[in-house]
Amino acid sequence: MAVREGLMKVQNILINRSSLFGSGSDPDSNPNIPRSYRCTGTRTTVPAQNYHQQLPLGLFPQTLSHCRHLQILSVRENQFNGSIHEFLGSLSELKFLDIRGNRFTGTIPVVFANLSKLEHFNIGHNWMHGNIPPELGRLSRLTFFSVEYLYPATGTVPEILFNISTLQIMTVLGNHFTGHLPRNMGRFLPNLQGLYLGENNFSGPLPASLSNATKLQTLVLASNKFSGPIPLELGSLPHLRRLFLGGNMFTNTPDSRELSILTSFTKCRMLEEIYLSPNLLNGILPASVANLTTTLWSLDLSYNEIEGIIPLALANLTKLMSLDLSFNKIKGSIPPNIGSMNMLQKLGLSGNFLEGSIPNSVYQLVHVGNLYLDNNELTGPISNSINNLTSLQKLYLNSNNLSSAIPPALCELKDLISVYLQENSFTGHLPLDVGNLAAVDKMDISVNKLTGELPVSLSKLQRIEYLNLSKNSFDGHIPDKLDGMVNIQIIDLSHNKLSGEIPKSLKNLHQLQVLNLSFNQLEGEIPSGGNLANLSTESFVGNNALCGASKFHLPACLDKAKNHKKARHMTKVVVGCAIGGSALLLVVCMLIVVLDNRKRRLVKLVESWRLFESSQDSGWKFGIAGKVSTKADVYSYAILLLEVFTGRKPTHERFHGDFSLRKWVAEAIPVAISDIIDGHLLKESNGTETERSAVRNELLVMIMKIGLSCSRESPTERMDMKDVVAKLKRIRQNAFFFEE
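Residues numbered from 1 in each chain as written. Predicted model: local features only at pLDDT ≥ 70, side-chain atom pairs only at ≥ 80, totals over all residues. Heavy atoms only, no water.

A. Representation of the overall build of the chain. Scanning the chain for helices and strands turns up 12 helices and 40 strands. Looking at the chain residue by residue over its 740 residues, the buried ones come to 50%. The long-range fraction of contacts in the chain, counting pairs at least 24 apart against all pairs at least 6 apart in sequence, stands at 56%. Taken as a whole, the chain presents about 33,900 Å² of accessible surface, with 51% of it coming from carbon and sulfur. (Helix = DSSP H or I, 4+ residues; strand = E, 2+ residues; numbered from the N terminus. Buried < 20%, exposed > 50% of the residue type's maximum accessible area, 1.4 Å probe, protein only. Contact = heavy atoms within 4.5 Å. Areas by Shrake-Rupley, 256 points an atom, 1.4 Å probe, with all protein chains shown as cover.)

Okay, here's the thing in structure tokens:
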């Protein structure tokens, strides 16, 4: 009985995450409760421990129905669940109700409309659903109304809510509300400071009457289906600070060549943030954009249809910290005076038609952390001055026409996290100090013209998760110690000229999910173990000298005994016709075709050999100025090799002037290899192509490349006989695998 009497005197109940239930929390210290709601006299409190034994965990206590004088009820961010009992409608003195962030279910109770003295109403972030009862429009003293992020709430927002003249904050964010906003909605909201209607399904035009809410500071309408022009009358809101209208279908004012809404906003002298991305805004950026208030720190016009050039006057916004004009239809060049916007931390110009070089003034933006210039038509180099951008974290220069070498100064940016330089025309080597980019987690420099060996310092990139260097012309070996990239998940080194064996250390990359080494010149055994066991044939295709497990559709790696047996078989074939080192070179090449064409094409080999003999009889010269030269020897047999495999003599009628047998072959490979090879060598015994033709063509391309290399005009540029024999031995090994 004493407990019940105590409850009847309770005025404030606050339950936070650290106390399941009780009145011990001091409302005077709670910033969520307006000072006018806080009790100032003697307050009767009931110790929390008196109630722990009476409350089923998680359910809202019905004993609150005895708190007839309760004015403040705040149980936000707890684990209460179940439906809200209608007894709350009997708490006639209640002024402050905050049950945000629980798990209450069911619909929004109509009995809340009985709380005639209620000023603060917050039931957001619960699992309730359904419509907002129109009866809540009777709460004529409301200053704060929130039903945001329910499970979700649906239907339309009752028009009567927009008539509560005392409202200061109204938020229905993150629900499924539909319908149009009332045309006269702003006429009865003289005290409105924040209107949050984003992330719903509202549609139709934005009422110009909203400009009557002259105290409005924050307007959030993002992620809806609003359409039509943005009312120019919004420019008359003197206290407007934050404007979020993105994710709609707003258009420019009809018949206006300029983006007129920006001119209208120049009258809002307290504006701090403008977000209009994405929409359907077109027109050009007006020079009047320079007159936007100096309080503006963020301007986002990305993902629209803005045309024209970037006005030089834009650089007058020297207090701007974030500028995003990405993915519009802007042309011209980057303003040369953009460096005067020295407070910029984000510059987004991606996805336009910008051309010319990156102006030097860009490298004066010493505070910029995110630089997005990708997907344009920019040309020229990256300046060495890029090391001035000491705050840079994200660099997007991909999909342009940038050229020249990647400056080593780029590797001095210790805070760089993301580097995207792909799809340009960068040349030269990857900077040796690339490993100094210790913070990098994503790097893509694919589809360029880089050459040389991969820097060993790549192994120092311990935070990197994604590395793509594909479609360049890197050569040499893959560095042995890439296992220093302990967080790497994706490596793409495909379509280069990398050679040698795949480092066994790659099996130590425990986070590795994707490894693409396809279309290189790698050889030897594919390492096993670790995450390499999860890879497929796509990771290694196009490396003709690799061997490994059968799942990779590659030949098995032969042991020494098998190799010796193959060598003996090879000797038997060659010894009958070998008449010197150069003859052996030709025989090895011809053997590859014999293995593919088997017995029925053996006649072709004999015919080719006779051709070889006749060429000696007809006076082929192997020396220069009367002196024996292995370079001349190589050249003679290179021409003979091309002749044998194409079936065309150098004196064929189609070859005249500068167009020679060699040039014909060079223009055809690798794509049109089948068009230049003698048809007798390509036909199978049944006269049809087989599934092995692709592999055969790869072997033929390798042979023809040797012929081209050995027949270069300058003897000093021709391959050495020793190198030729080594390459042909590798081709011979592949031919054995192909035969099997």
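Let us keep going from here.
B. A look at the sheet that holds strand 29 (residues 425-427). Across the sheet, four strands lie side by side as 23-25-27-29; this open sheet has parallel pairing. Only two strands of the sheet have a single neighbouring strand rather than two, namely strand 23 (355-356) and strand 29. Alignment of strand 25 (residues 377-380) against strand 27 (residues 401-405), held across two bridges, turns out to be parallel. Paired with Thr379 across the two strands is Asn401, which belongs to strand 27. (Pairing = 2+ DSSP bridges.)

C. Highlighting the layout of surface pockets. There is about 1,100 Å³ of room inside the largest pocket. Considering the residues around the largest pocket, the lining is formed by 34 residues, among which Asn520, Gln521, Asn544, Met702 and Lys705 are closest to the centre. Contributions of two or more residues to the lining of the largest pocket are made by strand 35 (497-500), strand 37 (521-525), helix 8 (661-668), helix 11 (693-710) and helix 12 (721-739). It is helix 11 that contributes the most residues to the lining of the largest pocket, eight residues altogether. (1 Å grid on protein atoms, 1.4 Å probe; cavity = no way out; pocket = protein on both sides within 12 Å on 5 of 7 lines; lining within 4 Å. Points joined across faces, edges and corners; volume = space filled by probe spheres on them.)

D. Local environment of the state of the cysteines. Taken as a whole and assessed by the stated rule, the structure comprises one disulfide. At a sulfur-sulfur separation of 2.0 Å, the disulfide partner of Cys547 is Cys557. Between Cys547 and Cys557, the S-S torsion sits near 100°, and that sign places the bridge as right-handed. A residue pair is termed long-range when its members are at least 10 positions apart, and Cys547 in strand 38 (residues 545-547) and Cys557 in the loop between strand 38 and helix 4 (560-575) qualify at 10 residues. Cys557 sits in the partly exposed class, given a relative accessible area of 32%. (Disulfide = S-S within 2.5 Å.)

E. Structural context of the packing of aromatic side chains. According to the stated counting rule, one finds 14 aromatic pairs in the structure shown. Taking the centre distance of 6.2 Å and the plane angle of 15° together, the rings of Phe202 and Phe226 count as stacked. With Phe202 in strand 12 (residues 201-204) and Phe226 in strand 14 (residues 225-229), the pair connects residues that are 24 residues apart, well separated along the chain. Looking at Phe202, the relative accessible area reads 1%, which means it is buried. Cluster of aromatic residues (ring-pair linked, three or more members): Phe177, Phe202, Phe226 and Phe250. (Phe/Tyr/Trp six-rings, centres within 6.5 Å; stacked < 30°, edge-to-face > 60°.)

F. Focus on the pattern of salt bridges. Per the stated rule, a full pass over the model turns up eight salt bridges. The salt bridge partner of Glu272 is Arg241, with a shortest N-O separation of 2.9 Å. In this pair, Glu272 is assigned in the loop between helix 3 (260-265) and strand 17 (273-275) and Arg241 in the loop between strand 14 and strand 15 (242-244), connecting sequence segments 31 residues apart. Under the relative-accessibility criterion, Arg241 is labelled partly exposed at 24%. The salt bridge involving Lys346 is made with Asp324; its shortest N-O contact spans 3.3 Å. Note that Lys346 is positioned in strand 22 (residues 346-348) and Asp324 in strand 21 (residues 322-324), a separation of 22 residues in sequence. A cluster of three or more residues bridged by salt bridges with shared partners is formed by Glu77, Arg100 and Glu148. (Salt bridge = Lys/Arg side-chain N within 4 Å of Asp/Glu carboxyl O.)

G. A look at the side chain of Ser470. Here Ser470 shows up in the loop between strand 32 (466-468) and strand 33 (473-477). Owing to a relative accessible area of 5%, Ser470 belongs among the buried residues under this scheme. Among the polar contacts made by the side chain of Ser470, one reaches the side chain of Asn468 at a distance of 2.7 Å. If we skip the residues at most four places from it in the chain, Ser470 touches Ser446, Val447, Asp492, Leu493, Ser494 and Asn496. (Polar contact = N/O pair within 3.5 Å; in protein donor to acceptor, adjacent residues only side chain to side chain.)

H. Main features of the side chain of Ser211. Considering the arrangement of structural elements, one finds Ser211 in the loop between strand 12 and strand 13 (218-220). Classification of Ser211 as buried rests on a relative accessible area of 13%. A polar atom in the side chain of Ser211 sits 2.8 Å from the backbone oxygen of Ala208. Those residues within four positions of Ser211 in sequence are excluded, and the remaining contacts are Glu233, Ser236 and Leu237.

I. Spatial organisation of the sheet that holds strand 37. The parallel open sheet is built from five strands, whose spatial order is 31-33-35-37-38. A strand with exactly one partner marks an edge of an open sheet, and here the two such strands are strand 31 (451-453) and strand 38. Going across the sheet, the axis of each strand differs from the next one's by a mean of 20°, ignoring polarity. Where strand 33 meets strand 35, three bridges bridge the pair, whose relative direction is parallel. Counted as the bridge partner of His477 is Ser499 from strand 35. (Axes fitted to C-alpha atoms, helices over the stretch in contact; angles between N-to-C directions.)

J. A look at the environment of Asp475. Topologically, Asp475 is positioned in strand 33. For Asp475, a relative accessible area of 33% puts it in the partly exposed group. The spatial distance from the C-alpha of Asp475 to the C-alpha of Asn520 is 8.8 Å, given a sequence separation of 45 residues. Excluding its chain neighbours within four sequence positions, the residues that come into contact with Asp475 are Gly452, Glu453, Leu454, Lys497 and Leu498.

K. Spatial organisation of the pairing of strand 35. Side chains of strand 35 alternate between two faces, with Leu498 and Gly500 buried and Lys497 and Ser499 left unburied. Where strand 35 meets strand 37, two bridges bridge the pair, whose relative direction is parallel. When the bridges of strand 37 are listed, Ser499 appears paired with Gln521.

L. Up close: the pairing of strand 25. Looking at chain direction, strand 23 and strand 25 are connected through two bridges and run parallel. Note that in strand 25 the partner of Gly356 across the bridge is Leu378.

M. Structural detail: helix 11. Its 18 residues place the ends of helix 11 26 Å apart at the C-alpha level, agreeing with the 26 Å of an ideal helix rising 1.5 Å per residue. For helix 11, a buried count of 13 out of 18 residues is recorded, marking the element as mostly surrounded by other parts of the structure. (Expected span 1.5 Å × (residues − 1).)

N. Structural detail: the environment of Val147. Positionally, Val147 belongs in the loop between strand 7 (144-146) and strand 8 (154-155). Residues Val147 and Asn126, spaced 21 residues apart in sequence, show a C-alpha to C-alpha distance of 8.8 Å. Val147 has contacts with Ile108, Phe121, Ile123, Gly124, Ile132, Thr171, Val172, Asn175 and Phe177, leaving out every residue within four places of it along the chain.

O. Main features of the confidence of the model for the chain. Put simply, the chain has an average pLDDT of 83, and 80% of its residues get 70 or more. Scored below 50 in pLDDT, residues 32-57 shows 47 contacts in the model against residues more than four places distant or in partner chains. Every residue in residues 591-629 scores below 50 in pLDDT, and together they form 65 contacts with partners more than four places removed in sequence or on other chains. (pLDDT = per-residue confidence, 0-100.)

P. A look at unusual backbone geometry. Omega for the peptide link from Tyr151 to Pro152 comes to 0°, which places this bond in the cis form. Examined against the element boundaries, Pro152 turns out to sit in the loop between strand 7 and strand 8. In this model, Ser277 is joined to Pro278 through a cis peptide bond whose omega is -10°. Within the element layout of this structure, Pro278 appears in the loop between strand 17 and strand 18 (282-284). The phi dihedral of Tyr149 falls on the positive side, at around 50°, and the residue is not glycine. The residue Tyr149 is located in the loop between strand 7 and strand 8 in this model. A residue is classified by how much of its surface remains accessible, and Tyr149, at 28% relative accessible area, is partly exposed.

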